[in-house]
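Close look at the chain arrangement
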Amino acid sequence: MPPNLGELTAAVPELDAPQEVRLLSMERPLTVLRVSLHHPTPGSATFAYVPPQLEHDASPLLVGRGPDAHLRLQLPRLSRQHLSLEPYLEKGGTRLAFSLKALSRKGSVWVNGLTLRFLEQVTLGAVNRVAFSGVQMVVRIEGGTSLEAFVCCFHLSPSPLIYRLRAEETDERESVPQEQPPPGSGHGAPDHLGFLHSPLQPSPGGVPEIPLQREPLDGSLS
């Protein structure tokens, strides 16, 4: 006797997609932090331990020279835990947001025109310019929907990322050679801060510089 329709349907396996594809389709895409790094010392081993990519859970990502730092940089004057990138969920939000917190007692961190001291922090935007202990860092945030983890993609830049002139924009305790602007770049104004040639910035036909707006330190950072 031929099987009834119910039995036949139950016996047919799912053929619409392999199991691996079905599992991947259920995963939420991760937020991506595209991080460019530069240090002015030629041939420096500062970034010897920087991986091309680093996936991290929703806890703070530590940056420093200590063995417990997730992003480990080889600089003698860098604190063991110098700063952290801290993911959080805003009230009513559906995507991870990020703040940067200064963790060093002996140095400072310059972020988007603000100088952070120990335990001060600031919310990050889509594009962020950071400087500390001679390191220049540009962080671009591309939001995903996963709330459990994010991924950092690192790029080591041989060229400066940030042009700066003022001492408070870096660690005052460290003597760092000042980067000179390229000829014809228009960096003539004494207090001008400009974003230079980031490898993450598309440049068909040349891209205009992105000016930085300096903000006064009013002690309102938390």
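An unreviewed UniProt entry annotates the protein as TIFA inhibitor originating from Bos taurus.

Another point: the state of the cysteines. In the structure shown here, the tally under the stated rule is zero disulfides. Cysteine Cys152 is unpaired, with the sulfur of Cys153 as its nearest cysteine sulfur at 7.7 Å. Overall, the relative accessible area of 1% leaves Cys152 in the buried class. Classification of Cys153 by relative accessible area gives buried; the value is 19%.

Our focus in this paragraph is the packing of aromatic side chains. Enumeration over the complete set of coordinates arrives at one aromatic pair. Geometrically, the ring pair formed by Phe98 and Phe150 is edge-to-face, given 5.0 Å between the ring centres and 80° between the ring planes. Residue Phe98 is located in strand 6 (residues 96-102), and its partner Phe150 is located in strand 12 (residues 149-156); the two are separated by 52 residues in the primary sequence. Judged by relative accessible area, which is 2%, Phe98 ranks as buried. The class for Phe150 is buried, based on a relative accessible area of 0%.

What follows deals with the pairing of strand 6. Of all seven residues in strand 6, seven are buried, a share of seventy percent or more. Every second residue of strand 6 is oriented toward a common face, with Leu96, Phe98, Leu100 and Ala102 on one face and Ala97, Ser99 and Lys101 on the other, all of them buried. One ladder, built from seven bridges, connects strand 5 (residues 83-89) with strand 6; its direction is antiparallel. Pairing of Leu83 across the sheet is with Ala102, part of strand 6. Between strand 5 and strand 6, which pair antiparallel in sequence order, lie six residues; one of them, Gly92, sits at a positive phi of approximately 80°. Bridge count between strand 6 and strand 9 (residues 121-123): three bridges; the pairing is antiparallel.

A few words now on unusual backbone geometry. In this structure, Leu119 takes a positive phi of about 70° despite not being glycine. Classification of Leu119 as partly exposed rests on a relative accessible area of 44%. Positive phi, normally seen in glycine, also occurs at Ser133, with a value near 50°. Relative to the helices and strands, Ser133 is located in the loop between strand 10 (127-132) and strand 11 (135-142).

For the rest of this paragraph, the subject is the environment of Ser104. Assignment of secondary structure puts Ser104 in the loop between strand 6 and strand 7 (109-111). Assessed through its relative accessible area of 2%, Ser104 is described here as buried. For Ser104 and Ser79, which are 25 residues apart along the polypeptide, the C-alpha to C-alpha distance reads 5.8 Å. Filtering out sequence-adjacent residues up to four positions away, Ser104 remains in contact with Ser79, Gln81, His82 and Phe118. Only 3.0 Å separates the side chain of Ser104 from the backbone nitrogen of Gly107, close enough to count as a polar contact.

Attention now moves to a positive patch on the surface. On the surface, a cluster of positive charge is made up of Arg65, Arg77, Arg80 and Lys106. Residue placement: Arg80 occurs in the loop between strand 4 (71-72) and strand 5. Take Arg80: its relative accessible area is 47%, and that puts it in the partly exposed class.

Next up on the list: the pairing of strand 5. Buried residues dominate strand 5, accounting for five of its seven residues. Note: strand 3 (residues 61-64) against strand 5, three bridges, orientation antiparallel. Residue Leu62 lies in a different strand from strand 5, and its bridge partner there is Ser84.

Rules used in this analysis
- Sequence order sets the numbering: in each chain, residues are counted from 1 along the sequence as written.
- Owing to the predicted nature of the model, reporting of local features is limited to residues with pLDDT of at least 70; listing and counting of side-chain atom pairs is limited to 80 or more, with chain, interface and lining totals taken over all residues.
- Here the side-chain values reflect all heavy atoms present in the structure, with hydrogen atoms and water set aside.
- The definition used for a disulfide is geometric: two cysteine sulfur atoms within 2.5 Å.
- Three exposure classes are used, based on accessible area relative to the maximum for each residue type with a 1.4 Å probe and protein chains only: buried under 20%, partly exposed in between, and exposed over 50%.
- What counts as a ring pair is set by centres within 6.5 Å for rings of Phe, Tyr and Trp (its six-membered ring), and what kind of pair is set by the plane angle: stacked under 30 degrees, edge-to-face over 60, tilted for all other angles.
- In this text, helices come from DSSP runs of H or I with a minimum length of four residues, and strands from runs of E with a minimum of two, each type numbered from the N-terminal end.
- DSSP bridges decide pairing: two strands pair if at least two such bridges lie between them.
- Between two residues, a contact is recorded if the distance between any of their heavy atoms is within 4.5 Å.
- Polar contact is the term for a pair of N or O atoms within 3.5 Å; when the atoms are in protein, one must be able to donate a hydrogen and the other to accept it, and sequence-neighboring residues count only if both atoms are side-chain atoms.
- Only residues above 30% relative accessible area that lack a salt bridge enter a patch, with like-charged residues linked at up to 9 Å and the nonpolar side chains Val, Leu, Ile, Met, Phe, Trp and Tyr linked at up to 5 Å.
- With residues, only the protein chains shown are counted as cover, and all accessible areas are computed by Shrake-Rupley using a 1.4 Å probe.
- What makes a salt bridge here is a side-chain nitrogen of Lys or Arg within 4 Å of a carboxyl oxygen of Asp or Glu, nothing more.
- The positive count covers Lys and Arg only, the negative count covers Asp and Glu only, and His and the chain ends enter neither.
- The atom standing in for a charge is NZ when the residue is Lys, CZ when it is Arg, CG when it is Asp and CD when it is Glu.

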